Amino acid sequence: MADETKTSVLDYPSTFVIEPWNVILLNDDWHTFDEVILQLVKAIKCSPQKALGIALEAHTTGEAVCYSGPKERCEHVASILEEIELGVRIERAV
């Protein structure tokens, strides 16, 4: 007689939720727009046009959300922005 292996299936739904976090770019007076745009393109893999929009928002309002995602990815994005000493903050998305 063959050895039968039984598997069971969960009778309830299983979900895994990753809470989103934000990387917030802070305005400063010592980086040029070109420097900020290049670093944003490098950090979040966006177009230069999108990076310009983020840089302008940070410039006019004092800060701008430049990336949202899992905390670990946000930490990575922030570290790339901090390579040229841009001011950033990571916070849980509301």
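Note that the coordinates shown come from a computational prediction; the quantities given were computed from them, not determined experimentally.

About the criteria used
Residues numbered from 1 in each chain as written. Predicted model: local features only at pLDDT ≥ 70, side-chain atom pairs only at ≥ 80, totals over all residues. Heavy atoms only, no water. Salt bridge = Lys/Arg side-chain N within 4 Å of Asp/Glu carboxyl O. Helix = DSSP H or I, 4+ residues; strand = E, 2+ residues; numbered from the N terminus. Expected span 1.5 Å × (residues − 1). Buried < 20%, exposed > 50% of the residue type's maximum accessible area, 1.4 Å probe, protein only. Arc of directions from axis to C-beta. Contact = heavy atoms within 4.5 Å. Axes fitted to C-alpha atoms, helices over the stretch in contact; angles between N-to-C directions. Parallel < 35°, antiparallel > 145°, perpendicular 65-115°, else oblique. Left-handed = near helix turned anticlockwise from the far one by under 90°. Nonpolar A, V, L, I, M, F, W, Y, C, P; charged D, E, K, R; others polar. Phe/Tyr/Trp six-rings, centres within 6.5 Å; stacked < 30°, edge-to-face > 60°. Lys NZ or Arg CZ within 6 Å of the ring centre and 35° of its normal.

Comments concerning the pattern of salt bridges
Here is step 1: Throughout the structure, instances matching the rule amount to four salt bridges.
Here is step 2: Between Glu91 and Arg89 there is a salt bridge; the shortest N-O distance is 3.2 Å.

Observations concerning helix α2 (residues 48-61)
Here is step 1: With 14 residues, α2 extends 20 Å between its outermost C-alpha atoms, agreeing within 8% with the 20 Å of an ideal straight helix rising 1.5 Å per residue.
Here is step 2: When we look at burial in α2, the residues that qualify are Ala51, Ile54, Ala55 and Ala58. For α2, the buried positions fall inside an angular range of 95° around the axis, keeping them on one side. Of the exposed residues in α2, the ones pointing more than 90 degrees away from its buried face are Gln49, Thr60 and Thr61.
Here is step 3: The secondary structure elements touched by the buried residues of α2 are β1 (21-26), α1 (33-44) and β2 (63-69).
Here is step 4: At the C-terminal side of α2, Gly62 shows a positive phi close to 100°.

Quick word on the packing of α1 against α2
Here is step 1: Contact geometry for α1 and α2: axes closest at 9 Å, N-to-C directions at 120°. Overall, the two elements α1 and α2 adopt an arrangement that is oblique. Both α1 and α2 take part in a crossing whose hand is right-handed. Residues Phe33, Val36, Ile37, Leu40, Val41 and Ile44 of α1 form the contact with α2, whose own contacting residues are Pro48, Ala51, Leu52, Ile54, Ala55, Leu56 and His59.
Here is step 2: Here the contact of α1 with α2 is built from residues that sort into twelve nonpolar, one polar and no charged.

Some points on the environment of Arg92
Here is step 1: Residue position: Arg92 is located in strand β3 (residues 88-92).
Here is step 2: For Arg92, a relative accessible area of 44% translates into the label partly exposed.
Here is step 3: Sequence spacing of Arg92 and Ser68 is 24 residues, and the spatial spacing of their C-alpha atoms is 9.2 Å.
Here is step 4: If sequence neighbours within four positions are ignored, Arg92 has contacts with Glu19, Pro20 and Trp21.

Focus: the packing of aromatic side chains
The geometry of an aromatic ring pair comes down to the distance between the two centres and the angle between the two planes.
Here is step 1: Counted according to the given criterion, the structure contains zero aromatic pairs.
Here is step 2: It is Lys71 that lies over the ring of Trp21; its NZ or CZ is 4.7 Å from the centre.
Here is step 3: Above the ring of Tyr67, the side-chain terminus of Arg73 is found at 5.6 Å from the ring centroid.

A word on the packing of α1 against helix α3 (residues 71-82)
Here is step 1: At their nearest, the axes of α1 and α3 sit 9 Å apart, and the two run at 150° to each other. As far as their axial angle goes, α3 and α1 are roughly antiparallel. When the axes of α1 and α3 are compared, the crossing they make is right-handed. Contacts from Gln39, Leu40, Lys42, Ala43 and Ile44 in α1 reach Arg73, Val77, Ile80 and Leu81 in α3.
Here is step 2: Within the contact of α1 with α3, the residues separate by chemical class into six nonpolar, one polar and two charged.

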